[in-house]
Amino acid sequence: MDGNSDGNRDLNGSQINTDMDHPILRHFDDIQISNTTKYYQNRLAQAMENGVKGVSQSLIYNGHITDQEHQTITETADRGNEAESSKIVLNLVMQKGALAQRTMWESFAIMRNAVPKLDRILKEVEEHGPMLPSIAAITEVIQKVPDHLIVVQIEHKEFIRELSEKLELKTILTSEKIEIAQLGDRYTELTFISPLRQWKLVEHELLSRGKEHEECREQHLQRELEKIQIGQLFRSSFTREMRLMERSTGDAVVLNKGCSAVACGVPGIGKTTLVQKIIHDWATGTIYPYFQFVFSFKFRDLNSISSKVTLKDLIINSYPHLETILEELWKNPTVLLFIFDGFDEFNGFIDFTDRGEVTKPKHICYDPECLCEVPDIVYSLIQRKLLPGCSVLLTTRPASLNLLEQANINVWVEILGFVGEQRKEYFNRFFEDGAVAEAVFKYVKENEILYTMSYNPSYCCILGLTLGPFFMHKGRDLKLIPKTITQLYSHYVYNTLKKHSSQTKNVGDVLLRLGQMARTGVSEKKIVFRKEDLTKHNLQPSQVLSGFLVERLEKVTTGTRVVYTFPHLTIQEFVAALALFLCPYPEDIKKLLTEAHSEKDGRFEVFLRFVAGLSSPGSSKPLMEFVDQFPEESIHQVIDWVKENVDNQIGSSWSERGKRNLLNTLHYLFESQNPAVAQVTLGSVPRLTFGDADAKKALSLTPIDCAVLSHAIRLCHTINELDLRNCCIQYEGMLRLEAELHKCQVLRLEGNNLGDSGIKILSKILTDSKSKTQTVGLADNNLTHCCAEDLVLLTTATSPLKELELGYNKLGDCGVKRLAAALGRRECKLQKLRLNKNDLTSACAEDLARALCTNRSLTEVDLGDNELGDIGVELVFAALVETDCAIQKLCLKNNGFTCSPAEKLATVLRSSHSLKELDLGHNKLGDRGMKRLTTALSDSDCQIQELKVEDNGLTASCAEDLAAALCATPSLTKLELGENYLGDSGVKVLSTALMDPDCKIQKLSLNNNQLTASSARDIASTLNANISLTQLDLGENTLGDSGVKMLSVAIRDSDCNIQELCLRSNGLTASCAKDLASALSSLTKLSLGDNKLGDAGVGQLSEALKDTECNLQKLRLNNNGLTQSCTEGLAAAITTNDSLTGLYLNDNKLGDSGMKALNAALVNPECKIKNLGLGHIGLTDPVRDEFVSTLSAARVMKVVSLETNLSSDQSGTSFCTSNEQKSGMDAMGLSSDLQLNV
C-alpha cells in the first residue's frame, strides 16, 4: 500500500471514510466485479467525471496506481478536462485488474450522493441484484444471416442507403427552395441524454425547456445528465432487455425480450433527420450489426390508412422487395428493428393502460399477417405481443409523452440538440465560406436571444438563412441585423421574397391569403395543407407561394398525393401574424387577439408575439419593399391591446394561467420594442410573481423568458418583490437576469437548481453598490460548500442583505464554517438566517456558536432538520448566554438531541435577555429534559415567549412541572405540546394551571396527545376562568361528540376568550353539530377537518353562519363525508355572512352539481370568501374549467385550491391557509400572495 498519509478523499479531494462498503462488493467475486465493470464501462467513463479526483485518491491510497499516474489524472482534471481524466482512470483500472476495480466501485459507493450519475448506476446494480454478473458476463454473438437471405438483405440495405443518403435542405439563399446535399456532409451530431428531464412547459418551439447556454448544459451533462450514444439504444446497460430465467438444473438461460426505445425532442430538434441517420448508418454497417432487417415508417403516412391492414402489408408497401421472405423473418424477431417517426403526429389513439379484466378488452395483434387497425399493430409491437423479441424505436414531441407513460419502454432518450462546439460546427457545415460561417456564429453568440435559440437545428437553419446575406454582401448595413425574434423572421421573409417574387404582382395580396390559411392552421393546430386548403383561400401555385410552402408526397391507400407545409411552424405563425397587417380593411383586431390570448393550450402564444413585434416600425421595415405600409388603425389596435393586456395581467398572476399570461405579455412588450408603452405599464409594478411554493404550480422559465423578464425589470423603477420560486431558471437563467436583479428588494429564488455557479453570479449582483436587495430566498438550490466564499460576500458591509434563506441545501459543516466566520464580523448586517436541512453536524457548531456570540444584528436563526446532536446543541446554547448575542428566535427542531443539553438550555432561559422564541420540536428531551427546562421557565428572569416541544416523548410525568411553569412564567404566551403522550391525566394537571390568574398562555397546542372526552371536560372547566387563552389546538385526539359538547358550552360563556379552535380528526358526527353551531358567534377560526359531520351536521353549521352575530372568519370542513346536498345551505350562508373569508371543503364528494351551487354564491359581491379549498371534490374538467373561468373573470379570490389536498393542518399552524412553505421564508416575516392553484 502506498504510504500516502492523507488517506482516501471525496470527489474534491477531502478526507473520506475507507471503511464504507456496498452490498455488491460483498456478494460479487473478482470475476463478477470485472464483468460488471466491463458491462458499464462506457457509462462509467462519463459518470465519474465529477468525482474523478476522489476515485484517483482512493486508488493511490490502496496502492493500485503510482504517484505519477495519480498526478497525471489530477493535473488533467485541474485543467478542466475531467472527461479525459476519467478515461485515464478507467483505462488504468481495467489494466490493473479486479482488485483495482473493486476499489473503484467502493469509492463510487462513498461518493454516490454527491455524483448523481454514479448513484444512478449503483441503483441499477442494486435493482439487478445477484443476477447482474450473469447478465454482464454474456457476450452476445451476432447471428449470421441465413444464406438464402443474404442477397435480399444486401438489396434491402442498398435500397435504404439510396433512400437516406441525400439530405433535403430548405434554402432561400438561392433561387431553388430545396438544396440537396449528402447526409454525411451536412449532418451535425446532436447530444442525447437518458433518462428524460422533467417537461413542464407548453409544448412549443419557443417555449419548451432545453435552451440552456452551452456552459450551463455542459455543467449539467458533467454532473447530472447522462449522455447516451445512438448506438446504445439497444443491447446496452441502458436498455436492460436481457432477462435471466433459472432452470431446475441451476443453469441460466438468456431470453432476449426485445427492446422498445423512445427518442423525445421539441419540434425542429432533428428527430426525423436522426431517423434518417440511423437507417443510413445501419445500411452502411456502422451501427446495430445485430439487426438483420430494419423497417422505418412515418406516423404521418400511417394516418392515411383508414381500414384494417396487416403488418406484412405495411412492410411490403414501403419495401416491396421483401415480399417473398417475410414469412421467414417472422421466425426470428430478435433480428428485426421497427422505427416509427413522429408519434405526436399520429391521428390514431393507442391506449397503453393496463389490460386488466375490469377494463374493456383491447384488440391485440398477435399475427403479422392478420388484419388489424394500425394503432393495434403499433401497440402490439411495442408491448411485445406481436413478434416478441423484436425491437422498436419511436420518436415524439414532449407533448405526447403522457400517452406513453404506461407503455413497455426500456429506454427513454431526450434529444438535447446542439451543445458546445456542435453549434459552431453546424454553421461551418451550413456555409461553404468559412469566414461567413465564423461571422454569423459570432453574431449569434453575442445576441442572447438568438444564441439561446441556436440549440435547435431548425432555428440554426433559419438563423443561417436570415443572417447569411448580411455577411455575404459587403454593402449590407450591419446595424439592421435582427435582434428580436420578430426582426429575425421579418428578414427571413424579406430574403424569401427577394428570391421568389420577381415575377409576381400583388405580393401583398398573395401573402394576405397565405397568412389567412396559416392562421386557420394555427387555430386548428394543422401544419399539413392539402390542395383543397389552397383552393379555399384562392391560392394558386406561384413563385411567391413556392418560397413559403414545401411540397411533400403523402402516402395514401391509392398511392401518393401532394401536400404542403411551411418550412417550420414558426414561419407559419409569422405569416399568420403578418396577414393581420396586410388587410386593407382591418377587422376587429383587439377582439381577435383577445380570443387568441384566451386559448389555454398556448397554440397562439408565438403568433401573438409576432403580432406585437410587427406593430414596431423597426421590425416591419424590411418588408415595406414588397407590401404597402401597415394601416395605422391596425397598429394602434395592437398597441392598445398590448397596453390593456399588461394592465390586466399584472394583477392576475395569482393564478397559474395568470402567470403564463403575464409572461406572454412581457414577451409582447419585448417584441414590440416600444419603450413608451413599456414604461407606462411597467414603471410602477410593485411585484412580479411567476413562482410558487409548490413546484407543480410554478411557471418554468426558459433562458429566453429570463432575458425578456430582465428587459421588463429594466423598465421598472423598483420592484418590491420578484417571486421566481421553482421556476427552473438554473445557471443560464441567472446569466440572463444578472443585469437587473439588483432592483428587487425581495428576491425569491428557491428551488431553481442554481448550483454553486449560480451563487457566484448572485454574489456579484448583491454586492454591487446599486443593489437594493434586502431579502434573498435560496432554499433547495443544490448548493454545496464550494459556494461558501460567494455566500460570504453577501454578508459584507457593502451588501444591503438582511435576510438570507439557505435551507434544503448541502452546505455541510465545511460550508457553514466559512459562512460562520463571516457572520462573526461586526460589519455583517444580516438579521435572519435559515440553515435548516443542510447536513450539519456538531463539527460546525463551535463556529456557529462563535458567530452568534459576536454578531449583534442577527436575531433569527433556523438550524432545524440537521444532526447537531447533544454536543452541537450544547455549543449553540452556550453562545446564547453571551451578552453580545442578539438571537431572539432560534429553531433547533429535529436535531437528534436528548435531555443531555437541557441543563445548558436551562441556563440560557434564565440568563438570555434576547431569546423570545425557541423551537425544540421533534427531538428526544423526554420528561427528564422537560423537567429541567420547566425549572428555568419558572425563574423570574426568564423572558421566553414561545416554546415548541412537540414530539419529544413527553408523558404525564412532567405535567406537574409544566403546570408550575405555566403559572410562574408571565412571559410565556405560546406553548406547543403536540404529538406527545400527556394523556387525560397530564391534561387534568395542566388544566388546573390554566385557571391560575398568573398563567398568561394565549396559544396552547395539545394535538395528538391521546386525549378523550375526559380531557375535554377538564379543559372546558378552565375556559371561563382563563382570560388570556385565545388559541387552542386539540386536533387528532378522540374527544368525540360528548367532549365537543362540553367544550361548546364553555366557549359560549361570555367569560371565555377562545377565538381559534382546532378539532380536526376527533371522531365528530352530526350529533355535536348543534352545539358547535351555538359556539360559532364566539370563534373566528374553527378547524373541523377529517371528521364525520356529514351533510346534516354542516347544514346546522350553515344556519349558524347566517346569524348576524357570527364572527367566524375561517372554517375547515375538509374530509367530512359531504355531498352536493349540503352545498345550497353553504351557498346561502357565504352570501349572508360578512366575516367568513376562508372556507375549506377539500376531500369531500360535492361533485359537479355541488360546485355549480357554490359557484354563483362565490362570485356574488356579497360573498367575502378570499381563501377557498376545493381539492379532490369530484369535479369533471368542464365544470372545473367553467368555475376557473368565472372566478378569474370576477377577480375576487386570492387563494383557490382545486388540486392540492389541504386536509391536514400542520401542527402548530392549525389555521394555515396555504401549503407549508418548504423554504420557510414566510415564517421569517415575508408576505406571499396566494394563488389560484389548478
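The structure under discussion appears in the preceding block.
Rules used in this analysis
Residues numbered from 1 in each chain as written. Predicted model: local features only at pLDDT ≥ 70, side-chain atom pairs only at ≥ 80, totals over all residues. Heavy atoms only, no water. Core = buried A, V, L, I, M, F, W, Y, C linked by side-chain atoms within 4.5 Å. Buried < 20%, exposed > 50% of the residue type's maximum accessible area, 1.4 Å probe, protein only. Helix = DSSP H or I, 4+ residues; strand = E, 2+ residues; numbered from the N terminus. Contact = heavy atoms within 4.5 Å. Salt bridge = Lys/Arg side-chain N within 4 Å of Asp/Glu carboxyl O. Polar contact = N/O pair within 3.5 Å; in protein donor to acceptor, adjacent residues only side chain to side chain. Pairing = 2+ DSSP bridges. Right-handed = clockwise from strand over helix to strand, strands pointing away. Phe/Tyr/Trp six-rings, centres within 6.5 Å; stacked < 30°, edge-to-face > 60°. Axes fitted to C-alpha atoms, helices over the stretch in contact; angles between N-to-C directions. Left-handed = near helix turned anticlockwise from the far one by under 90°. Nonpolar A, V, L, I, M, F, W, Y, C, P; charged D, E, K, R; others polar. Parallel < 35°, antiparallel > 145°, perpendicular 65-115°, else oblique. Patch = residues over 30% accessible without salt bridge, like charges linked within 9 Å, V, L, I, M, F, W, Y side chains within 5 Å. Areas by Shrake-Rupley, 256 points an atom, 1.4 Å probe, with all protein chains shown as cover. Lys, Arg positive; Asp, Glu negative; His and termini not counted. Charge placed at Lys NZ, Arg CZ, Asp CG, Glu CD. Disulfide = S-S within 2.5 Å.

Asks: Sorry if this is basic, but what is going on with the nonpolar core here?
Replies: What tends to happen in soluble globular proteins is that the nonpolar side chains get buried as a cluster. Counting residues in hydrophobic clusters, the biggest one holds 330 residues, and the most contacted among them are Tyr288, Phe338, Phe690, Leu778 and Leu920. The greatest single-element share of this core, amounting to 10 residues, is contributed by helix H26 (residues 569-582). Apart from residues lying up to four places away in sequence, Phe338 is in contact with Phe295, Phe297, Leu311, Ile315, Leu381, Leu387, Cys390, Ser391, Val392 and Leu393. Listed in part, the 29 residues of the second largest apolar core include Ile33, Val52, Ile60 and Phe108.

Asks: Sorry if this is basic, but what is going on with the pattern of salt bridges here?
Replies: As a working rule, side chains carrying opposite charge can pair if their charged atoms are close by. One pass over the full model with this rule turns up 43 salt bridges. Of the charged contacts in the structure, one is a salt bridge between Arg714 and Glu740, with a shortest N-O distance of 3.2 Å. Taken together, the residues span a long stretch of sequence, with Arg714 in helix H33 (residues 703-714) and Glu740 in the loop between helix H34 (730-737) and strand S15 (744-748) at a distance of 26 residues. Judged by its relative accessible area of 41%, Arg714 is partly exposed. Residue Glu740 is classed as buried on the basis of its relative accessible area of 8%. Through salt bridges that share partners, Arg687, Glu721, Asp723, Arg725, Arg748 and Glu750 make up one connected network.

Asks: What is the right way to look at the environment of Ser391 in this model?
Replies: Tracing the sequence through the fold places Ser391 in strand S9 (residues 391-396). The buried category is assigned to Ser391, whose relative accessible area is 0%. Sequence separation between Ser391 and Phe338 is 53 residues, and the spatial gap between their C-alpha atoms is 6.3 Å. For Ser391, the contacting residues outside a window of four places in its chain are Phe234, Arg235, Gly258, Cys259, Phe291, Leu336, Leu337 and Phe338. Engagement of the side chain of Ser391 in a polar contact is seen with the backbone nitrogen of Cys259, the distance being 3.4 Å.

Asks: What's the story with the pairing of strand S14 (residues 719-723) in this structure? I'm lost.
Replies: The side chains of a regular strand alternate, residue by residue, between the two faces of the sheet. For S14, the tally of buried residues reaches 4 of 5 residues, placing the bulk of the element in the interior. Looking at chain direction, strand S13 (residues 687-689) and S14 are connected through 3 bridges and run parallel. Note that in S14 the partner of Leu688 across the bridge is Leu722. Between the parallel elements S13 and S14, the chain passes through H33 in a crossover that is right-handed. Between the parallel elements S14 and S15, the chain passes through H34 in a crossover that is right-handed.

Asks: Just to check I follow, could you spell out the packing of aromatic side chains for this structure?
Replies: In this description, an aromatic ring pair is defined by two values, namely the gap between the centres and the angle between the planes. Inspection of every chain in the model, using the stated rule, returns 28 aromatic pairs. For the ring pair Tyr40 and Trp105, a centre distance of 6.4 Å and an interplane angle of 70° mean the geometry is edge-to-face. With Tyr40 in the loop between helix H2 (30-39) and helix H3 (41-47) and Trp105 in helix H7 (residues 98-111), the pair connects residues that are 65 residues apart, well separated along the chain. Note on accessibility: Tyr40 and Trp105 belong to one class, buried. Ring plane angle 55° and centroid distance 6.3 Å describe the contact between Tyr443 and Phe471, whose orientation is recorded as tilted. One end of the pair, Tyr443, is in helix H19 (residues 434-446); the other, Phe471, is in helix H21 (residues 457-472), and 28 residues separate them in sequence. Take Tyr443: its relative accessible area is 15%, and that puts it in the buried class.

Asks: Where do I start with the packing of helix H18 (residues 421-430) against H19 in this structure?
Replies: For any two helices packed against each other, the geometry is given by the interaxial angle and the distance between the axes. Closest axis-to-axis distance for the H18/H19 pair is 8 Å, and the angle between their directions is 140°. The interaxial crossing formed by H18 with H19 has right-handed handedness. For the pair H18 and H19, the contacting residues are Arg423, Lys424, Phe427 and Asn428 in the first and Ala437, Val440, Phe441 and Val444 in the second. A breakdown of the residues in the contact of H18 with H19 according to their chemical character gives 5 nonpolar, 1 polar and 2 charged.

Asks: Any chance you could explain the packing of helix H31 (residues 656-672) against H33 here in plain terms?
Replies: Look at H31 against H33: their axes get within 9 Å of each other, and the N-to-C directions meet at 70°. Overall, the two elements H31 and H33 adopt an arrangement that is roughly perpendicular. The crossing of H31 and H33 is left-handed. Every residue of H33 that contacts H31 at Leu663, Leu666, His667, Leu669 and Phe670 is listed here: Ile704, Asp705, Val708, Leu709, His711 and Ala712. Broken down by class, the residue content of the contact of H31 with H33 amounts to 8 nonpolar, 2 polar and 1 charged.

Asks: Would you take a moment to explain a negative patch on the surface for this structure?
Replies: On the surface, Asp313, Glu323, Glu327, Asp367 and Glu369 cluster together to form a negatively charged patch. The topology assignment puts Glu327 in helix H16 (residues 326-329). Look at Glu327 and you get exposed, because its relative accessible area is 51%.

Asks: I would appreciate a short explanation of the side chain of Lys271 in the present structure.
Replies: With respect to the helices and strands, Lys271 occurs in helix H13 (residues 271-283). With residues near it in sequence (within four places) discarded, Lys271 still touches Ala263, Gly265, Val266, Asp341, Thr395, Thr396, Arg397 and Ile415.

Asks: Help me out: how do you make sense of the state of the cysteines in this one?
Replies: Two cysteines joined by a covalent bond between their sulfur atoms form a disulfide. In total, this model carries 0 disulfides according to the counting rule given. Unpaired in terms of disulfides, Cys786 finds its nearest cysteine sulfur in Cys787, a separation of 7.7 Å.

Asks: Explain helix H48 (residues 1127-1136) to me, please; I cannot follow it from the model alone.
Replies: Because an α-helix packs 3.6 residues into every turn, residues spaced three or four apart end up facing the same way. Listed as buried for H48 are Thr1127, Leu1130, Ala1131, Ala1133, Ile1134 and Thr1135. Tucked inside the fold, the buried residues of H48 contact helix H47 (1094-1105), strand S29 (1142-1144) and helix H49 (1151-1162).

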